[in-house]
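The residues making up each chain are set out below.
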Amino acid sequence: MSDDLRTLVIGLAACAIGLLLGWSARTYLWRRRLQRKQRFFGLPAESECLLVVPRDPGSRGWSLARHDVFALLELAAAIKECGAHAEVLAHDTAWQGFGARTEFCIGGPAANLRLAAHLRSMLPGVEIDTDPAPGPDQGAITVGGETYRMEKGAVEYVLLARLAANRESGNDRPVFLSAGQRGVANQAAVRYLARHQGRLARKHGLDGTFCLLLRVVNSQAYGSDVVELVGDVTKAAGTPAKTLSPPDRSPAT
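To keep things clear, this report deals only with the structure shown in the data block.

Procedures and definitions
The written sequence of each chain sets the order in which its residues are numbered from 1. Totals for whole chains, interfaces and linings use all residues, but because this is a predicted model, local features are given only for residues with pLDDT of at least 70 and pairs of side-chain atoms are given and counted only at 80 or more. Water and hydrogen atoms play no part in the side-chain values, which are based on all heavy atoms of the structure. Only strands that DSSP links by at least two bridges are regarded as paired with each other. For the purposes of this entry, the term helix denotes a DSSP run of H or I that reaches at least four residues, the term strand denotes a run of E that reaches at least two, and both are numbered from the N terminus. Any two of the Phe, Tyr and Trp rings considered here, Trp counted by its six-membered ring, make a pair once their centres fall within 6.5 Å; the pair's planes then place it as stacked at under 30 degrees, edge-to-face at over 60, or tilted in between. Only protein chains enter the accessibility calculation, which uses a 1.4 Å probe. A residue is then buried if its area is under 20% of the maximum for its type, exposed if over 50%, and partly exposed in between. Charges are assigned to positions over rings by a cutoff of 6 Å between ring centre and Lys NZ or Arg CZ, combined with an angular limit of 35 degrees from the ring normal. Any two residues having at least one pair of non-hydrogen atoms within 4.5 Å are treated as being in contact. Whenever a nitrogen or oxygen atom comes within 3.5 Å of another N or O atom, the pair is scored as a polar contact, on the condition that within protein one atom can donate a hydrogen and the other can accept it, and that pairs from neighbouring residues in sequence are kept only if both atoms are in side chains. Here a salt bridge means any side-chain nitrogen of Lys or Arg lying within 4 Å of a carboxyl oxygen belonging to Asp or Glu.

To continue, consider the sheet that holds strand β5 (residues 141–143). One open sheet holds the three strands; their spatial order is β4-β5-β6, and the pairing between them is antiparallel. The sheet is open, and its two edges are formed by β4 (127–128) and β6 (146–148), each paired on a single side. Sheet topology note: the β4/β5 ladder contains two bridges and is antiparallel. In the sheet register, Glu127 faces β5, and the bridge partner there is Thr142.

Below is the structure:
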């Protein structure tokens, strides 16, 4: 074999090895990211989850409001990537405990009775005005001694929470809550969860519990796209509403 041919063979072999190592590294990183995502959402491959939503009040049958559909579409991509399967249930038909399957519960407590039950049992420091009568406090969220009122179309608030289930009972799948003042706020919270799950996992842990207060800005112009993090209210939300300090403030995102 001539020197030129030997050099060519060595060069091709080096390229092949480099490509193989690069492919292996990318595959390893992709699998690691996927495993972290599956653990954060509690969605191992071939597992099942629940999507609990309110009924559309403007429909006679079992149907969803427009923004709830958009919220489910945001979740569908993450569920599919994890290799899991979803079951959609109306809030008044989800008669079961929690922790056996990952649950995404969407809507305000007035429209979603199961979400209202989760708030009472797991976030006792949160109060949401459910009075249907129009007024300045309609839908207002009170947590950490502060009240956050809605300005329809200008400012709407939503609580986004990941609640860890009881590992000792064997039911260790998380419950995700989106409790917003309007449907567009719930869509924004779900989008925030899907887009920032990596950062949330790093900050709160793959199995951690958190409750965030988000603000949707100028939804009449920007829809659910402009979302700001008001603060982390995990401690205040998990403690009965007495002698609580205001929530920790975080930079807007």
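Quick look at the environment of Arg215 now. Assignment of secondary structure puts Arg215 in strand β9 (residues 210–217). As for Arg215 and Ala188, which are separated by 27 residues in sequence, their C-alpha atoms are 9.0 Å apart.

As a further point, take the packing of aromatic side chains. Considering all chains together, one arrives at seven aromatic pairs under this definition. Summarising the aromatic geometry, the rings of Phe40 and Phe41 are spaced 5.2 Å apart at their centres and angled 75° between planes, so their arrangement reads as edge-to-face. Taken individually, Phe40 and Phe41 each receive the classification buried, so the pair is uniform in this respect. An angle of 50° between the planes, with centres 6.1 Å apart, marks the rings of Phe41 and Phe104 as tilted. With Phe41 in helix α1 (residues 3–41) and Phe104 in strand β3 (residues 102–106), this residue pair connects regions lying 63 residues apart in the sequence. The class of Phe41 is buried, set by a relative accessible area of 2%. Put simply, the rings of Phe40, Phe41, Phe104, Phe176 and Phe210 pair up and form one aromatic cluster. Lying over the aromatic face of Phe40, Arg162 brings its terminal NZ or CZ to 5.3 Å of the ring centre.

Before going further, it helps to examine helix α3 (residues 113–122). By the burial criterion, the buried members of α3 are Arg114, Leu115, Ala116, His118, Leu119 and Met122. Contacts from the buried residues of α3 go to β1 (48–53), β3, β4, β7 (155–163) and β8 (175–180). Capping the start of α3, Asn112 holds a side-chain oxygen 3.1 Å from the backbone nitrogen of Arg114, two or three residues further along.

As a further point, take the pairing of β3. Within β3, five of the five residues are buried, which leaves it mostly tucked inside the rest of the structure. Residues Thr102, Phe104 and Ile106 point to one face of β3 and Glu103 and Cys105 to the other, with burial holding for every one of them. By the bridge criterion, four bridges tie β1 to β3 in an arrangement that is parallel. Within β3, the residue paired with Leu50 across the bridge is Glu103. Bridging between β3 and β8 involves four bridges; their strand directions are parallel. Note that in β8 the partner of Phe104 across the bridge is Phe176.

This part covers the pattern of salt bridges. Proximity of charged atoms lets side chains of opposite charge pair with each other. Counted by the stated rule, this structure contains 11 salt bridges. Between Asp207 and Arg39 there is a salt bridge, with the nearest N and O atoms lying 2.5 Å from each other. You can see Asp207 sitting in the loop between α4 (183–204) and β9 and its partner Arg39 sitting in helix α1, a full 168 residues away along the chain. Owing to a relative accessible area of 27%, Asp207 belongs among the partly exposed residues under this scheme. A salt bridge links Glu228 to Arg215; its shortest N-O distance comes to 2.8 Å. Taken as a pair, Glu228 in strand β10 (residues 227–232) and Arg215 in strand β9 lie far apart in primary sequence, 13 residues in all. Since its relative accessible area comes to 22%, Glu228 is described here as partly exposed. One salt-bridge network, held together by shared partners, links Glu48, Glu87 and Arg101.

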